[in-house]
Amino acid sequence: MLGEISNHFDWDFELIIHLNPIERMWSKVKALLRKAEVRTDEALLLAIGGALSQATQKDAAHGFAHSG
């Protein structure tokens, strides 16, 4: 059931324009972690590192540009 609920909240990072820049960045990281669908602690740690490495300066600039 939780999987069904979370699918309703799988928003596209580019469409979330009402969030502040920090929330935008975490939104991207969380989306990447959900996409990884890891099931072990070790895999989660690796996925977190991978997701954080995909958060770029361009993403940060985009977030600030859209936050006003």
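This text goes with the structure placed above it.
First, a word on scope: everything that follows refers to the structure included in this document. (Residues numbered from 1 in each chain as written. Predicted model: local features only at pLDDT ≥ 70, side-chain atom pairs only at ≥ 80, totals over all residues. Heavy atoms only, no water.)

What follows covers the overall build of the chain. Secondary structure summary: the chain contains four helices and zero strands in total. For the chain, the succession of helices and strands along the chain, N to C, is α-α-α-α. Expressed as a percentage of the 68 residues in the chain, the buried residues total 19%. Partitioning the contacts of the chain with sequence separation of at least 6, the portion at a separation of at least 24 is 50%. Of the roughly 5400 Å² that the chain leaves accessible, carbon and sulfur atoms contribute 61%. (Helix = DSSP H or I, 4+ residues; strand = E, 2+ residues; numbered from the N terminus. Buried < 20%, exposed > 50% of the residue type's maximum accessible area, 1.4 Å probe, protein only. Contact = heavy atoms within 4.5 Å. Areas by Shrake-Rupley, 256 points an atom, 1.4 Å probe, with all protein chains shown as cover.)

Two measures define how a pair of helices packs: the angle their axes make with one another and the distance between the axes. Taken N-terminus to C-terminus, the directions of helix 2 (residues 21-36) and helix 3 (residues 41-53) make an angle of 135°; their axes are 9 Å apart at the nearest point. Put simply, helix 2 runs oblique to helix 3. Where helix 2 crosses over helix 3, the handedness of that crossing is right-handed. The residues of helix 3 that touch helix 2, namely those facing Trp26, Val29, Leu32, Leu33 and Ala36, are Ala47, Ile48, Ala51 and Leu52. A breakdown of the residues in the contact of helix 2 with helix 3 according to their chemical character gives nine nonpolar, no polar and no charged. (Axes fitted to C-alpha atoms, helices over the stretch in contact; angles between N-to-C directions. Parallel < 35°, antiparallel > 145°, perpendicular 65-115°, else oblique. Left-handed = near helix turned anticlockwise from the far one by under 90°. Nonpolar A, V, L, I, M, F, W, Y, C, P; charged D, E, K, R; others polar.)

As a further point, take helix 2. Between its first and last C-alpha, helix 2 extends 23 Å over 16 residues, near the 22 Å set by a 1.5 Å rise per residue. Among the residues of helix 2, Pro21, Arg24, Met25, Ser27, Lys28 and Val29 are the ones counted as buried. Residues of helix 2 that are buried make contact with helix 3 and helix 4 (57-65). Once helix 2 ends, the next one or two residues include glutamate 37, with phi positive near 50°. (Expected span 1.5 Å × (residues − 1).)

For the rest of this paragraph, the subject is the pattern of salt bridges. All chains considered together, the criterion is met by one salt bridge. Linking aspartate 59 and lysine 28 is a salt bridge whose minimum nitrogen-to-oxygen distance equals 2.4 Å. Of this pair, aspartate 59 sits in helix 4 while lysine 28 is found in helix 2, placing the two residues 31 residues apart along the sequence. On the basis of relative accessibility, which here comes to 13%, the residue aspartate 59 falls in the buried class. (Salt bridge = Lys/Arg side-chain N within 4 Å of Asp/Glu carboxyl O.)

Shape is all these values report; function is a separate question.
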